[in-house]
Amino acid sequence: VELAAIKSELEKRFSGSILQVRYFGRSKEPVVWVSPGSLFEVSQYIKTNSLHVLDWLESVTASNIGGTVLVTYFLRSTQKPASQLVLRVSYPTHKSSMKLVSLKAVWNAAARFESDIEKKYEMISFGLGSDS
Amino acid sequence: VSYSETLITDLSTMEIGPFHPYLPMPMKLQIQTDGEVIAKVKIGTGLGYKGLEDHIARASWAQGVVYCDRLDPEAATFGEWAYVMAVEEIAEMEVPKRAKAIRILMAELTRISEHLLFLSEVAKTIQANTVSHFFCRDREKILDLFELLTGARFSLAYFRVGGVAHDISEGFLERAIELAEIVPHRVREYRELLLNNYVFKIRAKNVGNLDLFTIRNGGGSGCLARSAGVLLDERLYNQSLGYSQFDFRVPTTGRNGKSDVYSRVEVRIEEIYESAKIVRQIVEDIPSGPHRIDRTGRVPTGEAYKTLECARGLLGCHLISEGGEGPAFVQFSTPSMLNLDMLPKALEGQFLQDLALIVSSLDIRMAEVDR
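Residues numbered from 1 in each chain as written. Chains lettered and ligands numbered in written order. Predicted model: local features only at pLDDT ≥ 70, side-chain atom pairs only at ≥ 80, totals over all residues. Heavy atoms only, no water.

**Thoughts on the pattern of salt bridges**
All names here are of chain B.
Part 1: This model, assessed by the stated rule, comprises 39 salt bridges over all chains.
Part 2: Across the salt bridge formed by Arg371 and Glu53, the nearest N and O atoms sit 2.7 Å from each other. Pair noted here: Arg371 is in the segment after helix H14 (366-369) and Glu53 is in helix H1 (residues 52-58), with a separation of 318 residues, a long-range link.
Part 3: Look at the salt bridges and you will find they share partners, linking Asp72, Glu114, Glu121, Arg268, Arg312, Asp363, Arg365 and Glu368 into a network. (Salt bridge = Lys/Arg side-chain N within 4 Å of Asp/Glu carboxyl O. Helix = DSSP H or I, 4+ residues; strand = E, 2+ residues; numbered from the N terminus.)

This is how it looks when you write it as structure tokens:
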């Protein structure tokens, strides 16, 4: 997957919401950092309209590193399972109640992961499809 | 005189669990039934939570392997493999060819062993005790091989960062090839005893249905997806696993994009045959050389997400290193987690008598869910 192509495609559509696009670790998979406010819209877009239809939410992980909860979404396309894309969003932990953007309405599989993150980091999910 | 009578019946509610022969491990099922038909199902989890990932994050790089076994002690190989691959990617380590081959060999033996355990459990739920014993008999041969190689029958702790703990024991390869030769005969026997069994067909066909949309939308992978006709297998797509050199087929079953108990059993029986083919190819041409390279220096700062095809589907390990003595963060994504969420859909509308059969056919390991 071309980093530059993804970057220009997303920046054109979500100006100011794409914080960074780079490779994930030492792999050749792109990781897209998104601001929490635009996560839902970006997710909806990449599931249906982007260069690769990322309709398979493979995993969601959440880590508390350096005072922020880093939520990472590992995505794939069922049409081209060999290519992956990583979506990432960070939430500062200093706030009294942290809100997690719910992506249940985009990928059903997000429900199980979000419920685990809510319990572990005392976050409250909000948005379409969330229970709260 | 005319009169009408309306019979009002409420749904009955019953709770099963946390411990019950119908259930794979500690979990709760709250079931509402309309007569004998299951109307609604709620699942309660978290009863076997062990804080596994937090323990790994407090352990050293080497100790982490032992904890990974607890992800699913019966199929310890897969958790270990995902973890060591993630560490190796961060440390930029190239694993020797012999170690790679031994890892695949162990993974395929574990896959056969897990599928046999699954088949034995499914057979037991329909009181097919003879077949169930046959599956256990064959699984014992694999556990014997594990014992010969690692000294343990489960929770093997055999993989290491940079390779495997020690080289293959004397007599292991000969016994592995014996097993690979027996398996095709056994698979014919399983087909005859289970798939062509009239009673099993009646009990399993069109029971516990899950459609393709539900499976894909719920993130289903592995045998569950393949039992609905979807060709998804990490062994085909992930070149770093090293399966591209082997000749094997990924079987798919299911009719009209629908997975039922029968197709979930069928896909596993066919996979046993294919895994035995891989075992044979490895044993016949196992590379020589070292079984491990020793890590020098610290694991640098970085992160990795490695995936593999375990017996139930896609297993992922996300690992972050901050350059310390052990990982700063580890999280696994397991197929049982996602398959469990599909259980209500598979159960609703089905007869209560099929509950145990449907639950066992989804091959859920609560150890993978309550980590």
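**Brief notes about the side chain of Gln84 of chain A**
Part 1: Secondary-structure assignment places Gln84 of chain A in strand S5 (residues 84-92).
Part 2: Polar contacts involving the side chain of Gln84 of chain A include one to the side chain of Glu58 of chain A, which spans 3.3 Å. (Polar contact = N/O pair within 3.5 Å; in protein donor to acceptor, adjacent residues only side chain to side chain.)

**A short note on the interface of chain B and chain A**
Part 1: Contact residues are listed per partner, giving 32 residues for chain B and 28 residues for chain A.
Part 2: The junction of chain B with chain A conceals about 2,600 Å² of combined surface from both sides, 54% of it contributed by carbon and sulfur atoms.
Part 3: Of all residues in chain B, Asn217, Glu303 and Tyr305 of chain B bury the most surface against chain A, accounting for 21% of the area lost on that side.
Part 4: Scanning the region where chain B abuts chain A turns up five salt bridges.
Part 5: Here Lys120 of chain A ties to Asp54 of chain B by a salt bridge, and the two come within 3.9 Å at their closest N and O atoms.
Part 6: The interface formed by chain B and chain A contains twelve residue pairs in polar contact (both at pLDDT 80 or more).
Part 7: Counting residues per element, the side of chain B that touches chain A draws most heavily on strand S8 (residues 301-309) of chain B, which supplies six residues.
Part 8: Looking at side-chain class alone, the side of chain B that touches chain A contains 13 nonpolar, eleven polar and eight charged residues. (Contact = heavy atoms within 4.5 Å. Buried area = accessible area lost by both parts, 1.4 Å probe. Nonpolar A, V, L, I, M, F, W, Y, C, P; charged D, E, K, R; others polar.)

**What to know about the confidence of the model for chain B**
Part 1: Counting all residues, the mean pLDDT for chain B is 88, and 97% of those residues have values of 70 or more.
Part 2: The complex model carries a pTM of 0.89, and its ipTM stands at 0.86. (pLDDT = per-residue confidence, 0-100.)

**Some points on the nonpolar core**
Residues and elements named next belong to chain B.
Part 1: By size, the foremost hydrophobic cluster in this structure holds 115 residues, and its most contacted members are Leu29, Trp81, Tyr83 and Val265.
Part 2: Examining the composition of this core, we find that 13 residues originate from one element, helix H4 (residues 97-125), more than from any other.
Part 3: Residue contacts for Trp81: discarding those within four places in its chain leaves Arg103, Ile104, Ala107, Phe159, Leu241, Tyr243 and Leu308. (Core = buried A, V, L, I, M, F, W, Y, C linked by side-chain atoms within 4.5 Å. Buried < 20%, exposed > 50% of the residue type's maximum accessible area, 1.4 Å probe, protein only.)

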